[in-house]
Amino acid sequence: MSTIGFVGLGIMGAPMARHLVAAGHDVTGYDVAPAGLDALVAAGGHAASGVAEAVAGAEVVITMLPQDEHVEEVFFGGILESAKPGALCIDFSTIRPETSQRVAAAGRERGLRVLDAPVSGGEKGAVDAVLSIMVGGERADFEAARPVFEAVGKTFELVGGSGAGQYVKAANQLIVGGTYGLVAEAIVLMEAAGVDAKAGIDVIAGGLAASRILDLKRDSMLARSFEPGFRIDLHHKDMGIATAAARSADVSLPMTGLVASLVAAARSRGYGTLDHSALLKVVEDLSGRS
Ligand code: NAD
C-alpha cells in the first residue's frame, strides 16, 4: 500500500480519494475549497494545508483538477518542487494533450514519473469506483499505477505515450456530447408531437439506441433536473480540447463542431453550472419550447 498525496477533492476527486483510503492507502489531500478536505478526513485520510505538504514524501501523487491552468499551477507551482524523486504522478484531470506532454517532460527532468489518466463514467462512476481510465505514458509506470486504477476504476488501458490518454478522452467527450444532443432532440420531438415521451424514451432505451446516457439520465432529463454531475462549463472546455485535437491531427470532425457550438450556446445562455444534460434546454430554446 502506498502513501498518496491527492490534490483536487471536488465532485470526482472526493469519492476517488475515499476509495483509495478504503483500499488501505495512506492518503493526504489538499483542495482550495474546504468541503473535500472535510470529507477526506471523515473517511480516514489526512488534510494538508497546501500542495507541498500534501505531496512531500508521497510515493504516489494524484491530481484531479478542473482545467489546464489548474494542473499547470499545481505542478509548476508545487509538485515539481516538492514531490520526492521517483514519485509516480497520476493526473486524472481532462486537459489538452500538449499540456500533459509538457508536464510529463518537466516531471521527467525532476525524476518524476508522470501519467495522464483522464477518466470517464461521471460522478456515479467515481462514487461506484467503476471509472474507465485512458492512460498515456510509459508501460512500467502504467503497471506501477495498477493498484490505484483498481481502487477507483473498472476498465483501464494504456493507449500510448504522454498525452495519448487525453486524445482518447477527447474522443470520448465528443461521443458523450453528441449523444446528449440527440437524446435532447428525441425528447423535444416526442413532447412536441404529443406522444408519451416517458414511455417513448423507455422503449428507445431497450432497443438499438440504448446507451449508458439513456440509462442514467433519461428520467432526470424528462424531469428537467440538471443538478451536476458534469458541468456544462467543463464540457465546453472538453469540446475545445476535441476541436483543437482534430486540428492538430489534421482531420475534419463536422459533428464535433456542431456539438461544440451547442455546448457553447448552453454556456452563453447562462447554463454553465448546470449538468451537461442541460443541452436539452438549448434544443428546446431552438424550437421556442422553453
Ligand atoms: P470540480 O470542480 O468538482 O473539482 C475540482 C476541484 O479542484 C475543486 O474542488 C477545486 O476547488 C479544486 N482545485 C482547483 N484549483 C486547485 C488548486 N490550485 N489547488 C487545489 N485544488 C484546486 O471538478 P470535477 O467535476 O471533479 O472534475 C475534475 C476533472 O475531471 C475535470 O478535468 C473534469 O473535466 C474531469 N471529469 C469530470 C467528470 C464529472 O462527471 N464531474 C467526469 C469525467 C472527468
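Only a predicted model underlies this, so the values are computations on that prediction, with no experimental measurement involved.

Rules of the game
Residue indices begin from 1 for each chain and proceed along its sequence in written order. Since the coordinates come from a predicted model, pLDDT governs what is reported: local features require at least 70, and pairs of side-chain atoms require 80 or more to be given and counted, while whole-chain, interface and lining totals use all residues. Note that water and hydrogens are dropped before the side-chain values are worked out from all heavy atoms of the structure. Note on conventions: DSSP H or I runs of at least 4 residues are helices, E runs of at least 2 residues are strands, and numbering of each starts at the N terminus. Taken over C-alpha atoms, the radius of gyration is set against a globule rule of 2.2 Å times the number of residues to the power 0.38. For each residue, the accessible area found with a 1.4 Å probe, counting protein chains only, is set against the maximum for its type, and the residue is called buried under 20%, exposed over 50%, and partly exposed in between. Every residue pair with non-hydrogen atoms within 4.5 Å of one another is taken to be in contact. We get accessible surface area from the Shrake-Rupley algorithm with a probe of 1.4 Å; when it comes to residues, only the shown protein chains can shield them. Neighbouring residues are identified by heavy atoms, a residue being near a molecule or strand if any of them is within 4 Å of it. Nitrogen and oxygen atoms within 3.5 Å of one another constitute a polar contact, given that in protein one can donate a hydrogen and the other can accept it, and given that sequence-neighbouring residues count only through two side-chain atoms. Each residue receives one of three labels: charged for Asp, Glu, Lys and Arg, nonpolar for Ala, Val, Leu, Ile, Met, Phe, Trp, Tyr, Cys and Pro, and polar for the others, Gly being one of them. Boundary definitions for the domains trace back to an automatic or database domain assignment. Buried area: the accessible area, evaluated with a 1.4 Å probe, that two parts lose upon being put together, summed over both parts. Put simply, a salt bridge is a Lys or Arg side-chain nitrogen that is within 4 Å of an Asp or Glu carboxyl oxygen.

A. Highlighting the overall build of the protein. Within the protein one finds 14 helices and nine strands. Taking 290 residues into account, the globule formula puts the C-alpha radius of gyration at 19 Å, and the protein, at 20 Å, falls close to it. Considered along the principal axes of its C-alpha atoms, the protein spans approximately 65 × 45 × 35 Å. For the protein, the proportion of its 290 residues judged to be buried stands at 51%. Of the contacts made within the protein by residues no fewer than 6 positions apart, 66% connect residues no fewer than 24 positions apart. A total of about 12,700 Å² of accessible surface is found on the protein, and carbon and sulfur atoms cover 55% of it.

B. Local environment of the site of the ligand. Lining the immediate environment of the ligand, one finds 27 residues, of which Ile 11, Met 12, Asp 31, Pro 66 and Lys 237 sit closest. Within the backbone of Glu 123, one N or O atom sits 3.5 Å away from an oxygen atom of the ligand. At 3.1 Å, a side-chain N or O of Arg 231 approaches an oxygen atom of the ligand. When the free accessible area of the ligand is taken as 840 Å², the share hidden by the protein chains comes to 90%. For the shell around the ligand, the secondary-structure elements that each account for two or more residues are helix H4 (68-82), helix H6 (122-127) and helix H12 (232-248). Tallying contributions element by element places H4 first for the shell around the ligand, with three residues. Considered class by class, the residues forming the shell around the ligand number 14 nonpolar, seven polar and six charged. Inspection of the shell around the ligand shows a minimum of three residues originating in each of domain 1 (3-162) and domain 2 (167-286).

C. Spotlight on the domain arrangement of the protein. Per the domain assignment, the segments of the protein are domain 1 (3-162) and domain 2 (167-286). The straight-line distance from the C-alpha centre of domain 1 to that of domain 2 is 27 Å. Between domain 1 and domain 2, the residue contacts involve 15 residues of the former and 14 residues of the latter. Taking both sides of the interface into account, the surface hidden between domain 1 and domain 2 amounts to around 1,300 Å²; carbon and sulfur atoms contribute 63%. For the pair domain 1 and domain 2, the interface holds zero salt bridges. The interface formed by domain 1 and domain 2 holds five residue pairs in polar contact (both at pLDDT 80 or more) in total. Elements supplying a minimum of two residues to the side of domain 1 that touches domain 2: helix H5 (97-109), strand S7 (119-120) and H6. Looking at the side of domain 1 that touches domain 2 residue by residue, the class counts come to eight nonpolar, three polar and four charged.

D. Examining the side chain of His 235 more closely. By the secondary structure assignment, His 235 is in helix H12. Of note is the side chain of His 235, whose polar atom sits 2.9 Å from the side chain of His 276. Dropping the residues within four chain positions of it, His 235 is found in contact with Gln 173, Val 176, Gly 177, Phe 230, Val 263 and His 276.

E. Seen up close, the environment of Ala 266. With respect to the helices and strands, the residue Ala 266 is situated in helix H13 (residues 254-271). A relative accessible area of 0% places Ala 266 in the buried class. The sequence separation of Ala 266 and Gly 57 amounts to 209 residues, and the corresponding C-alpha distance is 43 Å.

F. Summary view of the environment of Gly 107. By secondary structure assignment, the location of Gly 107 is in helix H5. A C-alpha to C-alpha distance of 33 Å links Gly 107 and His 276, two positions 169 residues apart in sequence. Other than its neighbours up to four places away in sequence, Gly 107 contacts Leu 80, Leu 112 and Val 114.

G. Main features of the pattern of salt bridges. Counting across every chain of the model gives 16 salt bridges. Across the salt bridge formed by Arg 146 and Glu 143, the nearest N and O atoms sit 2.8 Å from each other. A salt bridge links Arg 218 to Asp 202; the shortest N-O distance between them is 2.8 Å. Of this pair, Arg 218 sits in helix H11 (residues 212-222) while Asp 202 sits in helix H10 (residues 197-205), placing them 16 residues apart in sequence. Salt bridges sharing common partners tie together Lys 198, Asp 202, Asp 215, Arg 218 and Asp 219.

H. Representation of helix H14 (residues 279-286) in the model. Burial analysis of H14 places six of its eight residues in the buried class, the great majority of the element. Among the residues of H14, those classed as buried are Leu 279, Leu 280, Val 282, Val 283, Glu 284 and Asp 285. Contacts made by the buried residues of H14 are with helix H9 (164-192), H11, H12 and H13. Positive phi appears at Gly 288, one or two residues downstream of H14, with a value of about 65°.

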